[in-house]
Amino acid sequence: NRDSSAAQAGHSPAPLPISKKDVNMETKIFPAADPATPALAARIIRSGGLVAIPTETVYGLGADGLNPEAVAKIFEAKGRPGDNPLILHVTGPEQLPLFCHHIPDVAYLLAERFWPGPLTMILPRQDIVPLQTTGGLETVGVRCPDHPVTLAIIRAAGVPIAAPSGNTSGRPSPTTAAHMIEDMDGKIDGIVDGGPCTVGVESTIIDLTVTPPRLLRPGGLPLEALEEVLGEVAVDKAVTGPLAAGEHPRAPGMKYRHYAPHAPVTVVTGAPDRSARRILGLLSDQAGVICFDEYAPLYAGHIIHRLGPAADKSAQALSLIHI
Ligand code: AMP
Ligand code: MG
């Protein structure tokens, strides 16, 4: 809804302290610019540990995607339900046959055009990919991320890296190493600091096991870009609206709560001037407003988080932060 704006009301957004009982290991920080980083991070992955990795979309919480015990640690650190599958991060289309079968030609066309980049393809899994990684599904999500240090780590590890977004389940996805530290310090072996993510939201997920291919989750790559390559693309019901009781989304993650900030949020939709009147009534010195740039002047003197121009979805994706 182009005209909608969101207001945040209630208590100040104090970050939750990490509970002491969870802090039980040293989390090392590896700068992306350090030439030793890929080998050090790869060694942790190979030995079954957890490393946060930068990608262009969001920071991921990575483990050896072929090692069920390593993968189990991801679910534990995030508090992620076991039926919510992980995405396998690979070095490029040449690795598709190692982890998938019945790969249609369009998978290679998509990879050629959009990889490395924010596109995840769902394909039938090879037996080498454990069910722990796929949340019990016979399919697997595969993506080649566009970040040089993460590609170097995957190459050095010699295994695909299973990595969901690095946040605690339900929280906003991390887009800087500082966000990663906030959520995972003391719970994982290391964090590779690759700077801020350039896309800021998750990858787009396309299911290539059905005809026509089906968009399961909107993300960093627009639907229109997929349609240019694929022609007709079906859009899963879970993308366009809430599912009825008993209906299951094809992307299991779509049934869970996402991007929940610590502070209470009130969403106000409608014409800008009417919305502004309502929002101004909700603001206080502890409650700010999240709005598009155009509407910021309406709230002068209040706490404002600007989401970018109303028409610029890429800028908006980048400004969705840990608020
Ligand atoms: P995250 O990496 O946290 O963005 O989560 C990955 C999401 O990708 C999951 O929550 C699922 O919704 C989706 N996904 C991963 N693998 C599959 C698969 N094999 N089939 C359908 N959806 C998948
Ligand atoms: Mg996630």
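The rules we used
Numbering of residues begins from 1 in every chain and follows the order in which that chain's sequence is written. As they are written, the chains are lettered A onward and the ligands numbered 1 onward, keeping that order. Restriction of local features to residues with pLDDT of at least 70 applies here, the model being predicted, together with a cutoff of 80 or more for giving and counting side-chain atom pairs; totals for whole chains, interfaces and linings are based on all residues. Excluding hydrogens and water, the side-chain figures rest on all heavy atoms present in the structure. Any Lys or Arg side-chain nitrogen found within 4 Å of a carboxyl oxygen on Asp or Glu counts as a salt bridge. Runs of H or I in DSSP of at least four residues are treated as helices and runs of E of at least two as strands, each being numbered from the N terminus. Exposure classes here rest on a 1.4 Å probe applied to the protein chains alone. A residue is buried below 20% of its type maximum, exposed above 50%, and partly exposed in between. Put simply, a residue is near a molecule or strand once any heavy atom of it comes within 4 Å of that molecule or strand. A 3.5 Å cut-off defines polar contacts: any pair of N or O atoms within that distance qualifies, except that in protein one atom must be a possible hydrogen donor and the other a possible acceptor, and neighbouring residues in sequence count only when both atoms are side-chain atoms. Only the protein chains shown count as cover for residues, with accessible areas throughout obtained via the Shrake-Rupley method and a probe of 1.4 Å. Classification convention: Asp, Glu, Lys, Arg as charged; Ala, Val, Leu, Ile, Met, Phe, Trp, Tyr, Cys, Pro as nonpolar; all other residues, Gly among them, as polar. When checking whether two residues touch, look at their non-hydrogen atoms; a contact exists if any pair is within 4.5 Å. Each direction from the helix axis to a C-beta atom contributes to the arc, which is the arc of those directions. Strand pairing is defined by DSSP finding a minimum of two bridges between the two strands. Lines fitted to C-alpha atoms define the axes here, with helix axes fitted over just the stretch in contact, and angles between the N-to-C directions of these axes take values from 0 to 180 degrees. A clockwise path from the first strand over the helix to the second, with the strands pointing away from the viewer, defines a right-handed crossover.

Draft legend 1. Structural view of the pattern of salt bridges. Using the criterion set out here, one finds 9 salt bridges in the structure. Close ionic contact of Asp83 with Lys255 constitutes a salt bridge, the shortest N to O distance being 2.9 Å. With a gap of 172 residues between them, Asp83 in the loop between helix H2 (68–78) and strand E5 (87–89) and Lys255 in the loop between helix H8 (237–240) and strand E13 (265–268) connect regions that are remote in the sequence. The partner of Asp293 in a salt bridge is Arg306, with the nearest N and O atoms 3.5 Å apart. Of this pair, Asp293 sits in the loop between strand E14 (289–291) and strand E15 (304–306) while Arg306 is found in strand E15, placing the two residues 13 residues apart along the sequence. By relative accessible area, which is 22% here, Asp293 ends up partly exposed.

Draft legend 2. View of the site of ligand 1. Near ligand 1 there are 21 residues, and of these Asn84, Thr139, Pro164, Arg217 and Gly253 occur at the shortest range. At 3.1 Å, a side-chain N or O of Ser165 approaches an oxygen atom of ligand 1. Isolated, ligand 1 exposes 500 Å² of accessible area, and the fraction of that covered by the protein chains is 95%. Among the elements of the structure, strand E7 (139–143) and strand E11 (214–217) are those that each provide at least two residues to the shell around ligand 1. Of the residues in the shell around ligand 1, the class split is 12 nonpolar, 5 polar and 4 charged.

Draft legend 3. The arrangement of the side chain of Thr57 in detail. The residue Thr57 is located in the loop between strand E3 (51–53) and strand E4 (60–64) in this model. Separated by 3.3 Å, the side chains of Thr57 and Arg143 make a polar contact. Among all residues touching Thr57, those that are not within four sequence positions of it are Pro118, Arg143, Thr175, Cys197, Val199, Gly200, Val201, Glu202 and Ser203.

Draft legend 4. Representation of helix H4 (residues 105–114). Among all positions in H4, only Ala107, Leu110, Ala111 and Phe114 are buried. Within H4, the buried residues cover an arc of 100 degrees as seen down the axis, which keeps them to one side. Exposed and facing more than 90 degrees away from the buried side of H4 are Asp105 and Glu112. Turning to H4, the residues buried within the fold contact helix H3 (96–99), strand E6 (119–124), strand E10 (204–207) and helix H7 (223–230).

Draft legend 5. Structural detail: unusual backbone geometry. Between Trp115 and the following residue, Pro116, the backbone shows a cis peptide bond with an omega angle of -5 degrees. Within the secondary structure, Pro116 sits in the loop between H4 and E6. Of note, the amide linkage connecting Thr211 to Pro212 takes the cis form, showing an omega dihedral of -10 degrees. Looking at the element boundaries, Pro212 is found in the loop between E10 and E11. Even without being a glycine, His102 presents a positive backbone phi close to 50 degrees. Inspection of the secondary structure puts His102 in the loop between H3 and H4.

Draft legend 6. Region of interest: the pairing of E10. Burial of the side chains of E10 extends over both faces: Thr204 and Ile206 are buried on one face and Ile205 and Asp207 on the other. Pairing between E6 and E10: 4 bridges, direction parallel. Residue pairing in the sheet places Thr120 in a bridge with Ile205 of E10. Strand direction decides the pairing type here: E10 and E11, joined by 3 bridges, are antiparallel. In the sheet register, Ile205 faces E11, and the bridge partner there is Arg217. Counting the residues that bridge the hairpin from E10 to E11 gives 6 residues.

Draft legend 7. Quick look at the sheet that holds E7. Strand order in this open sheet of 11 strands is E2-E9-E3-E4-E8-E5-E7-E6-E10-E11-E12, and the pairing throughout is mixed. For this open sheet the edge positions go to strand E2 (28–31) and strand E12 (234–235), each flanked by a neighbour on one side alone. Where E3 lies against strand E9 (residues 190–193), 2 bridges are found, and the strand directions are parallel. Counterpart to Val51 in the pairing with E9 is Gly190. In the packing of H2 onto the sheet, contacts are made with E4 and strand E8 (161–162), and the angle to E4 comes to roughly 155 degrees. The strands touched by helix H6 (residues 177–184) within the sheet are E2, E3, E4 and E9, with E9 carrying the most contacts at an inclination of about 165 degrees.

Draft legend 8. The arrangement of the pairing of E11 in detail. Here 2 bridges tie E11 to E12, and the two strands are oriented parallel to one another. Each bridged residue has a counterpart across the sheet, and for Leu215 the counterpart in E12 is Val235. At this point the chain moves from E11, through H7, to the parallel E12, and the crossover so formed is right-handed.

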